[in-house]
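Listed here are the chains, written in short residue letters.
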Amino acid sequence: MASKGLLSSSIARKFAMALSALFLIVFLLQHMSINMLSVLSPDVFNEVSDFMGTNPLVQFVLQPVLIFGVCFHFIVGFILEYKNWTSREVKYAKYKGSANASWMSRNMIISGVVILLFLGLHFYDFWIHEITHKFIEGKDSFIVNGESESGFRFYEELRHKFAGDFPRMILYIVSFIFLALHLNHGFESAWQSMGARSKKYTPIIKKIGVAYSVLVPLGFIFIAAYHYVTQL
Amino acid sequence: MKLLLKIWRQDGPKEKGQMVDYNVDGIEGDMSFLEMMDILNSQLIEKGEEPINFDHDCREGICGSCSMFINGEAHGPGRNVTTCQLHMRSFKDGETIFIEPWRAKAFPVIKDLMVDRSAFDRIIQAGGYVSVNTSGNTQDANSIPIPKEDADLAFDAATCIGCGACVATCKNASAMLFTSAKVAQLSLLPQGQVEGKERVINMVNQMDLEGFGNCTNTGACEVECPKGISLDNIARMNREFLSATAKGKK
Ligand code: HEM
Ligand code: SF4
Ligand code: FES
């Protein structure tokens, strides 16, 4: 039997899944850090957002890679889930999953689907407007002007979204809780999928994973709550 | 003690099955789970009913045949035990106990609690061996120096009895723990490394072909495995498989 293509074996699929997930983990840390600037200093937040929004490398290399990464991750996630579901055609009358595995590890698809729904909302909230603003209305775009003139747009948009909108803040917070659950298992799992496991490093990876899965979503929750509460 | 048993009955591979209720009485805490099943079966035979089919052989935790999914867990609530090593003192008087066969597409039911685990045999046939000449002139194993740590790890992996509890318990019916133990017991040793790359690729391919699910790293298999086979083996197999695939088999 010749070795088959990249995604044709279960282990290779999980490896690809882990790679895309680790990429998303790096992205998420960056995203949270930049958002945190909106609490610390609106000016710096705008400057950095403007850079991210107009730099060609970010716009035309990193952004497509990110979109591909997200889509790849959830599509492969659905494929894996389907295959796993059909690997047991007749289900148990009694199945005690909690006896031997965490809720997080058994329900990656549930936490994942919540994140996906959130991404829909989040794209609607910010990204669609951003793209319309830049490419359809042709404002602020380096393509049109050669130079950006976005001013306080990013910060104002962000403030505006959370002004007096309690349901939106709650939706964001609930989504971040599911993100925490997804990452609580996912962070550690990704290393195992790649075969990175050792007596020395695995306990450290586990600790970093727990810290990451708590602190990053908590950061996002803080930011959403901050912009809501300070505009009451 | 008295128990209410809810047991899966299925006449044959193609027949439709169902859970059926049975009452048993006079069960002692010191009896093994299989002895309890024997008592139930002798009662059924006396009544002229068909006894419940289940696999068993050694009744001392070494053959791996006693596959029963008891109260939602492979081999029941005990840790590091097979069904034959599980004692009735783990249950309370008057308790209801669910008893089901291993459930996996790759392990079709033969009858009642008996399942066909030949998918495991085919994974072994795909590469779980070392090609040696056994015509009488084999070299003494001790003439090949092996680090103690590797020998121990290989031995730990080799304690897998092929029971299938890992598959039964995994939410994805994945056979990664079994396959990885069978890869590791050879790949950790110099004799096994010669055919290491094609072994891991062929065994993983066969595992996929049999219709087992993917690994989500939940770790349920390690908890339910009667021999305490470690997830380290799965990570090792992932490494070996990925590097063998990247480098090409030979
Ligand atoms: C867009 C919606 C998402 C969906 C539908 C989704 C779905 C999934 C599923 C089903 C798995 C488990 C795959 C398996 O092993 O069976 C998974 C794993 C994982 N996901 Fe997501 N996910 C999403 C977003 C994210 C995001 C935004 C991140 C990180 C920032 C992330 C990080 C991870 C990690 C680290 C793993 C573990 C990878 C592994 O086990 O190898 N996911 N995802
Ligand atoms: S790895 Fe453990 S649970 Fe799986 S077949 Fe081997 S002994 Fe049984
Ligand atoms: S009958 Fe042999 S392990 Fe249980």
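This one's a predicted model, so the numbers in the text were calculated from it and none came from an experiment. (Residues numbered from 1 in each chain as written. Chains lettered and ligands numbered in written order. Predicted model: local features only at pLDDT ≥ 70, side-chain atom pairs only at ≥ 80, totals over all residues. Heavy atoms only, no water.)

Q: Describe the confidence of the model for chain B, listing the residues and the values that go with them.
A: Looking at chain B as a whole, the pLDDT averages 96, with 99% of positions reaching at least 70. Scoring of the predicted complex yields 0.93 for pTM and 0.94 for ipTM. (pLDDT = per-residue confidence, 0-100.)

Q: Explain the site of ligand 1 to me, using residue names and the numbers behind them.
A: Around ligand 1, 27 residues are found, and the nearest of them are K14, H73, H182, S189 and S193 of chain A. Each of chains A and B places residues near ligand 1. At 2.3 Å from an oxygen atom of ligand 1 is found a side-chain nitrogen or oxygen belonging to K14 of chain A. At 2.9 Å, a side-chain N or O of T216 of chain B approaches an oxygen atom of ligand 1. Within the residue set of the shell around ligand 1, elements represented by two or more residues are α1 (10-40), α3 (56-86), α5 (108-136) and α8 (166-193) of chain A. (Near = heavy atom within 4 Å. Polar contact = N/O pair within 3.5 Å; in protein donor to acceptor, adjacent residues only side chain to side chain. Helix = DSSP H or I, 4+ residues; strand = E, 2+ residues; numbered from the N terminus.)

Q: Quick rundown of the sheet that holds strand β4 (residues 73-74) of chain B? Include the residues and the values.
A: All names here are of chain B. With mixed pairing, the five strands of this open sheet are ordered in space as β2-β1-β5-β3-β4. The sheet is open, and its two edges are formed by β2 (18-24) and β4, each paired on a single side. One ladder, built from four bridges, connects strand β1 (residues 3-9) with strand β5 (residues 96-100); its direction is parallel. Residue pairing for β5: I7 is matched across the bridge by I99. (Pairing = 2+ DSSP bridges.)

Q: Go over the interface of chain A and chain B with me, naming the residues and quoting the values.
A: Think of interface size as the accessible area that goes away when the parts come together; that is how it is often given. Across the boundary between the two partners, chain A contributes 41 residues, which contact 51 residues of chain B. With both chains or domains summed, chain A and chain B bury close to 3800 Å², and 50% of this area falls on carbon and sulfur atoms. Between chain A and chain B we count three salt bridges in total. Where R197 of chain A meets D232 of chain B, a salt bridge forms, and the shortest distance between an N and an O atom there is 2.4 Å. Put simply, chain A and chain B have 30 residue pairs in polar contact (both at pLDDT 80 or more) between them. For the side of chain A that touches chain B, the elements supplying multiple residues, two or more each, are α1, α3, α4 (103-106) and α8 of chain A. (Contact = heavy atoms within 4.5 Å. Buried area = accessible area lost by both parts, 1.4 Å probe. Salt bridge = Lys/Arg side-chain N within 4 Å of Asp/Glu carboxyl O.)

Q: Lay out the site of ligand 2 with the relevant residues and their values.
A: Residues and elements named next belong to chain B. Taken together, 13 residues are adjacent to ligand 2, and C160, C163, G164, C166 and C225 come closest. For ligand 2, the cavity whose grid points lie within 2 Å of the majority of its atoms is the second largest cavity. Mapped onto the shell around ligand 2, the elements with two or more residues apiece are α4 (165-169) and α5 (176-187). Of the residues belonging to the shell around ligand 2, the class tally is 11 nonpolar, two polar and no charged. (1 Å grid on protein atoms, 1.4 Å probe; cavity = no way out; pocket = protein on both sides within 12 Å on 5 of 7 lines; lining within 4 Å. Sits in = over half its atoms within 2 Å of the grid points. Nonpolar A, V, L, I, M, F, W, Y, C, P; charged D, E, K, R; others polar.)

Q: Can you break down the packing of aromatic side chains residue by residue, with the values?
A: All names here are of chain A. Tallied over the full model, the rule gives 20 aromatic pairs over all chains. Both rings, one in F222 and one in Y226, keep their centres 6.1 Å apart while their planes meet at 40 degrees; by these two values the pair is tilted. One end of the pair is F222 and the other is Y226, both in helix α9 (residues 202-229) and four residues apart, which spans about a single turn. With relative accessibility at 27%, the residue Y226 sits in the partly exposed group. One aromatic cluster is present, built from ring pairs that chain together F118, F162, Y172, F176 and F220. (Phe/Tyr/Trp six-rings, centres within 6.5 Å; stacked < 30°, edge-to-face > 60°. Buried < 20%, exposed > 50% of the residue type's maximum accessible area, 1.4 Å probe, protein only.)

Q: Before we move on, can you summarise the coordination of the iron atom of ligand 1 with the specific residues and values?
A: Around the iron atom of ligand 1, the protein supplies H73 of chain A (NE2) and H182 of chain A (NE2) as donor atoms, at distances of 2.0 Å. By relative accessible area, which is 14% here, H182 of chain A ends up buried. (Donors = N, O, S within 2.8 Å, 3.2 Å for Na, K, Ca; no water.)

Q: For the pairing of β5 of chain B, give the residues involved together with the corresponding values.
A: Residue and element names in this part refer to chain B. Of all five residues in β5, four are buried; the element is thus mostly enclosed. Note that strand β3 (residues 69-70) and β5 share two bridges and pair antiparallel. Counted as the bridge partner of I70 is I99 from β5.

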